[in-house]
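# Observations on the three-dimensional arrangement
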Amino acid sequence: MSDRVVLHVKGRVLVGPEDVRDELWCVDGRITFTRPSGEALEVRGWVLPGLVDAHCHVGLDGHGPVDDATSEKQALTDRDAGTLLIRDAGSPSDTRWIDDREDLPKIIRAGRHIARTRRYIRNYAHEIEPPELVEYVGREARRGDGWVKLVGDWIDRDAGDLTACWPRAEVEAAIAEAHRLGARVTAHCFAEDSLRDLVEAGIDCIEHATGLTEDTIPLFAERGVAIVPTLVNIATFPRLADGGESKFPRWSAHMRRLYERRYDTVRSAYDAGVPVFVGTDAGGSLAHGLVASEVEELVKAGIPPVEALSATTWGARSWLGRPSLEEGAPADLVVYDEDPRADVRALAAPRRVVVDGRVIG
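Residues numbered from 1 in each chain as written. Predicted model: local features only at pLDDT ≥ 70, side-chain atom pairs only at ≥ 80, totals over all residues. Heavy atoms only, no water.

Now for helix α7 (residues 237-244). Residues of α7 that are buried: Phe 237, Ala 241 and Gly 244. Projection of α7 onto a plane perpendicular to its axis shows the buried side chains occupying an angular sector of 70°, all on one side. In α7, the exposed positions angled more than 90 degrees off the buried face are occupied by Arg 239, Asp 242 and Gly 243. Contacts from the buried residues of α7 go to α6 (231-234) and α8 (249-260). (Buried < 20%, exposed > 50% of the residue type's maximum accessible area, 1.4 Å probe, protein only. Helix = DSSP H or I, 4+ residues; strand = E, 2+ residues; numbered from the N terminus. Arc of directions from axis to C-beta. Contact = heavy atoms within 4.5 Å.)

Written out as structure tokens, the structure reads:
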């Protein structure tokens, strides 16, 4: 990593999808469009704000919490792929130390997952019962950075399939408590059953959202509830279904159906006006650094390339309340050889990554 110097970034600076500037400068870790005095290190190319992974888990692997060294490797992998802003959608680890590192992505934390007892991946979540939901949502709202993460559905071993985890009344009270504390609420949801109750209770976002149907998509659009499809994660459904076939055949068949219609689901939601954002679900069973692959998946689903690009740049940052390439904003940006609006596959090969005004690679 280089020492922080004045950078002169030239070429095509994509301040917005149609707002293209010729240059900007990075001075004392901040962006300016006013030429400073003195010498500057020149960086050239197509420039985007640092990419956003809106569903990522730093400090977590397939078995639960990890040590700081592993968390650092996860954050570095995301950074080197151009991801400079992460909404951490649930982690049992304390990663606040990352905030003191000027070379790592910025993280917006949702605290720790909140799940029903024995209804989620072991060692990930607070596992509680419905009467405790308001208390735990309040706790994580205070602990996080403006988000709380619920597990909205999971396999019910008695039913042999995915079912909703929370009664409607408890969900309403919990979401109201989070909003009172200034936090937004999101929920893991694969299936159909929990969606209407969660949206009508006032939830702000749904993760995965594979269970959306023609009945619930208009409700999401009307309420402005965002989805983060995590299509690179949904690609694992057939393997999961194969593994559970003998014990839970109904669940396995359900997971295959959700997988088979995944692209149609996302495109229908987008066409209806549902906000769609990029998230990879890295940190559980998936590797970090997959943000470019997720953008490609959104394009495969039928989302226009510029809109898919916005879902990890300008639009995603606005949704999360963080600046893009603006005067005075933190100098977090990524430089490419080609125009990523013309071909989003360019995102897979960043030429330079700049974090707080420092050239990383």
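Now, onward.
Pairing in this open sheet of seven strands is mixed, and the strands run β3-β2-β1-β4-β18-β19-β20 from one edge to the other. Two strands in the sheet have a free side with no partner beyond their single neighbour: β3 (30-32) and β20 (358-359). Of the strand pairs in this sheet, strand β18 (residues 333-336) and strand β19 (residues 352-355) are connected by three bridges, and their pairing is antiparallel. Looking across to β19, one finds that Val 334 is bridged to Val 353. (Pairing = 2+ DSSP bridges.)

Taken in spatial order, the three strands make up an open sheet running β5-β8-β9, and their pairing is parallel. Each end of this open sheet is capped by a strand with a single partner; those strands are β5 (51-56) and β9 (106-109). In this sheet, neighbouring strand axes are inclined to one another by 20° on average, regardless of whether the strands run parallel or antiparallel. Two strands pair when backbone bridges link them, and strand β8 (residues 83-88) and β9 are joined in this way by four bridges, in the parallel orientation. Residue Leu 85 lies in a different strand from β9, and its bridge partner there is Lys 106. (Axes fitted to C-alpha atoms, helices over the stretch in contact; angles between N-to-C directions.)

Orientation of helix α2 (residues 133-143) relative to helix α3 (residues 168-180), taken along the N-to-C sense of each, is 25°, at an axis distance of 9 Å. Considered as vectors, α2 and α3 are oriented roughly parallel to each other. As α2 runs across α3, the sense of the crossing is right-handed. Every residue of α3 that contacts α2 at Leu 133, Val 134, Val 137, Gly 138 and Arg 142 is listed here: Glu 170, Val 171, Ala 173, Ala 174, Glu 177, Ala 178 and Arg 180. (Parallel < 35°, antiparallel > 145°, perpendicular 65-115°, else oblique. Left-handed = near helix turned anticlockwise from the far one by under 90°.)

Attention now moves to a positive patch on the surface. A surface patch of positive charge is lined by Arg 118, Arg 122, Arg 157 and Lys 247. The residue Arg 122 is located in the loop between β10 (114-116) and β11 (126-128) in this model. Using a relative accessible area of 68% as the deciding quantity, one classes Arg 122 as exposed. (Patch = residues over 30% accessible without salt bridge, like charges linked within 9 Å, V, L, I, M, F, W, Y side chains within 5 Å. Areas by Shrake-Rupley, 256 points an atom, 1.4 Å probe, with all protein chains shown as cover. Salt bridge = Lys/Arg side-chain N within 4 Å of Asp/Glu carboxyl O. Lys, Arg positive; Asp, Glu negative; His and termini not counted. Charge placed at Lys NZ, Arg CZ, Asp CG, Glu CD.)

Before going further, it helps to spend a moment on the packing of aromatic side chains. This structure, assessed with the given rule, holds six aromatic pairs. Note on Phe 277 and Trp 319: the rings are 4.2 Å apart at their centroids and 10° apart in plane angle, and the pair reads as stacked. One end of the pair, Phe 277, is in the loop between α9 (262-272) and α10 (291-300); the other, Trp 319, is in helix α12 (residues 314-319), with 42 residues separating them in the sequence. There is no split in this pair, since Phe 277 and Trp 319 are both buried. Over the ring of Phe 33 we find Arg 21; its NZ or CZ atom is 4.8 Å from the centre of that ring. The side chain of Arg 262 reaches across the aromatic face of Tyr 263, ending 4.2 Å from its centre. (Phe/Tyr/Trp six-rings, centres within 6.5 Å; stacked < 30°, edge-to-face > 60°. Lys NZ or Arg CZ within 6 Å of the ring centre and 35° of its normal.)

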